[in-house]
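These are the residues of each chain, in order.
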Amino acid sequence: MRNLILLIRPHQWIKNLIVLLPVFFGGALLHWDAIYAGLITTLAFSFSASSIYCLNDIVDINDDRQHPVKRNRPMASGAVSIGMGYLLMGMMFIFSMASTFLLPAHQLETASVILFYWLLNIAYCLRLKQYAIIDVCIVAFGFVLRILAGGYATNIQLSKWIVLMTFLLMLFLSFAKRRDDVVRMNETGNAPRQNTIRYNITFINQAITITASVTLVCYIMYTMSPETIQNFHTDYLYLTSVFVLLGLLRYIQISVVDKKSGDPTKVMLHDRFMQLIVLAFGLAFLFIIYVLKNIQ
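Residues numbered from 1 in each chain as written. Predicted model: local features only at pLDDT ≥ 70, side-chain atom pairs only at ≥ 80, totals over all residues. Heavy atoms only, no water.

Undergrad: Would you mind showing me how to read helix H7 (residues 107-126) here?
TA: Count 3.6 residues to each turn of an α-helix, and residues three or four apart come out pointing the same way. With 20 residues, H7 should reach 28 Å at 1.5 Å per residue; the first-to-last C-alpha distance of 29 Å fits that figure. If you follow the buried residues of H7, they end up packed against helix H3 (32-59), helix H6 (82-99), helix H8 (134-154) and helix H9 (160-188). (Helix = DSSP H or I, 4+ residues; strand = E, 2+ residues; numbered from the N terminus. Expected span 1.5 Å × (residues − 1). Contact = heavy atoms within 4.5 Å.)

And the structure:
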């Protein structure tokens, strides 16, 4: 049972909380219906992602056995059979689709987005992840699909800025994760992925810098846009840009200096500085849109 749980990687489910971004940026945190719909969609996406994790470990079983860390995964170590992996993959997908029936509205739209995510990631596991740049773009687009599903489920219209920022931020994190693979390839002489040979440190560092810069500019433009000011009835959101800058710089430090950006989820779960930055950002954002605007 322990190995089956490890196979579906529940610790990675924290990434699916991005489904709640429409609720957060839509100012609907005080609306229980929106929170409930967002949480159900998060659960549905988590099951769908776990289904893909099973397929990924089946496809990569031989490569994982050559990896110093991934060789301990349940499938690569032989603790879970390939047949059981396929069975668990199917069960997780069924749970994902079944979860959407718990939504109060927009069940079909939300389920369609999750289904598209699932099919896209099957293509990713089987073929598309072999192509450099395309692989990170698909990973980033997967998070855009998460917020689209969250928007449908909660009936909150997404701002174009939120879609852009999500894609750019996840592209930044994906390049940082690939940097870890390149570092390991340079140290051992073995490429962790087939497409790792199409990356090098110079390219990755430039890609990280570009995506981080564009993400920050996009967020500043979002906070100062007439649409945002009209929506939140305040023009002070630009102050939260400081925390976005600090978060990006901290993650670059973790990636370039500490060389520990291989798993963004672990970074968020273990790095206290990053946790404080995210907490400060959230509190500042909420204070401005819920408290400060009422004081003015």
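Picking up where we left off.
Undergrad: How do you make sense of the layout of surface pockets when you look at a structure like this?
TA: Remark: the empty space left among the atoms is shown by a probe the size of a water molecule rolled over them. Estimates place the volume of the second largest pocket at around 250 Å³. Sorting the residues of the lining of the second largest pocket by element identifies helix H2 (21-25) and helix H11 (226-232) as the ones contributing at least two each. When residues in the lining of the second largest pocket are grouped by element, the largest group, four residues, is from H11. The residue makeup of the lining of the second largest pocket, split by class, is seven nonpolar, five polar and one charged. (1 Å grid on protein atoms, 1.4 Å probe; cavity = no way out; pocket = protein on both sides within 12 Å on 5 of 7 lines; lining within 4 Å. Points joined across faces, edges and corners; volume = space filled by probe spheres on them. Nonpolar A, V, L, I, M, F, W, Y, C, P; charged D, E, K, R; others polar.)

Undergrad: Looking at this model, I keep getting lost on the environment of Ser 51. Mind explaining?
TA: Among the structural elements, Ser 51 can be located in helix H3. For Ser 51, the contacting residues outside a window of four places in its chain are Met 89, Met 92, Phe 93 and Trp 118. Separated by 2.8 Å, the side chain of Ser 51 and the backbone oxygen of Met 89 make a polar contact. (Polar contact = N/O pair within 3.5 Å; in protein donor to acceptor, adjacent residues only side chain to side chain.)

Undergrad: How should I be thinking about the side chain of Lys 129 in this particular structure?
TA: Summarising the element assignment, Lys 129 is placed in the loop between H7 and H8. Among the polar contacts listed, one links the side chain of Lys 129 to the side chain of Asn 56, at a separation of 3.0 Å.

Undergrad: Got a minute to help me understand the pattern of salt bridges in this structure?
TA: If the charged atoms of two oppositely charged side chains come close together, the side chains can form a pair. This structure, assessed with the given rule, holds seven salt bridges. Two residues, Arg 9 and Asp 57, come together in a salt bridge whose shortest N-O distance is 2.3 Å. One end of the pair, Arg 9, is in the loop between helix H1 (2-8) and H2; the other, Asp 57, is in helix H3, with 48 residues separating them in the sequence. Assigned by exposure class, Arg 9 and Asp 57 land together as buried. For Asp 271, the salt bridge identified is with Arg 250, shortest N-O distance 2.5 Å. (Salt bridge = Lys/Arg side-chain N within 4 Å of Asp/Glu carboxyl O. Buried < 20%, exposed > 50% of the residue type's maximum accessible area, 1.4 Å probe, protein only.)

Undergrad: Sorry, what's going on with the packing of aromatic side chains here?
TA: Aromatic rings considered in pairs are described by the distance between their centres and by the relative angle of their planes. Scanning all chains against the criterion turns up 18 aromatic pairs. Chaining the aromatic ring pairs together yields one cluster made of Phe 24, Phe 25, Tyr 219, Tyr 222, Phe 232, Phe 281 and Phe 285. Over the face of the ring belonging to Phe 143 we find Arg 146, whose NZ or CZ atom lies 4.3 Å from the ring centre. (Phe/Tyr/Trp six-rings, centres within 6.5 Å; stacked < 30°, edge-to-face > 60°. Lys NZ or Arg CZ within 6 Å of the ring centre and 35° of its normal.)

Undergrad: In this structure, what is going on with unusual backbone geometry? I would like to understand it.
TA: Even without being glycine, Ile 133 reaches a positive phi, approximately 75°. Within the secondary structure layout, Ile 133 lies in the loop between H7 and H8. Unlike most non-glycine residues, Asn 155 shows phi in positive territory, near 60°. Locating Asn 155 in the fold gives a position in the loop between H8 and H9. In this structure Asn 155 comes out as exposed when scored by relative accessible area, which is 59%.

Undergrad: So what exactly am I meant to see when it comes to the nonpolar core here?
TA: Generally speaking, soluble globular proteins have nonpolar side chains that are buried together. The biggest cluster of nonpolar side chains holds 41 residues, and the ones touching the most others in it are Phe 25, Phe 175, Tyr 219, Tyr 222 and Phe 285. The set of elements that each furnish at least two residues to this core consists of H2, H8, H9, helix H10 (201-224), helix H12 (241-256) and helix H14 (272-295). Take this core: its biggest share by element is twelve residues, from H9. Residue contacts for Phe 25: discarding those within four places in its chain leaves Ile 162, Tyr 219, Tyr 222, Asn 231, Phe 232, Phe 281 and Phe 285. Counting 32 residues, the second-largest nonpolar core is a separate cluster that includes Leu 7, Phe 45, Phe 47 and Tyr 53. (Core = buried A, V, L, I, M, F, W, Y, C linked by side-chain atoms within 4.5 Å.)

Undergrad: Could you clarify how one ought to interpret a nonpolar patch on the surface in this entry?
TA: On the surface, Met 84, Leu 87, Met 91, Ile 94 and Phe 95 cluster together to form a nonpolar patch covering roughly 450 Å² of accessible area. Structurally, the position occupied by Leu 87 is in helix H6. For Leu 87, a relative accessible area of 48% gives the class partly exposed. (Patch = residues over 30% accessible without salt bridge, like charges linked within 9 Å, V, L, I, M, F, W, Y side chains within 5 Å. Areas by Shrake-Rupley, 256 points an atom, 1.4 Å probe, with all protein chains shown as cover.)

Undergrad: How do you make sense of the environment of Val 242 when you look at a structure like this?
TA: Mapped onto the elements, Val 242 comes out in helix H12. Judged by its relative accessible area of 47%, Val 242 falls in the partly exposed class. Separated by 22 residues in the primary sequence, Val 242 and Ile 220 have C-alpha atoms spaced 9.6 Å apart.

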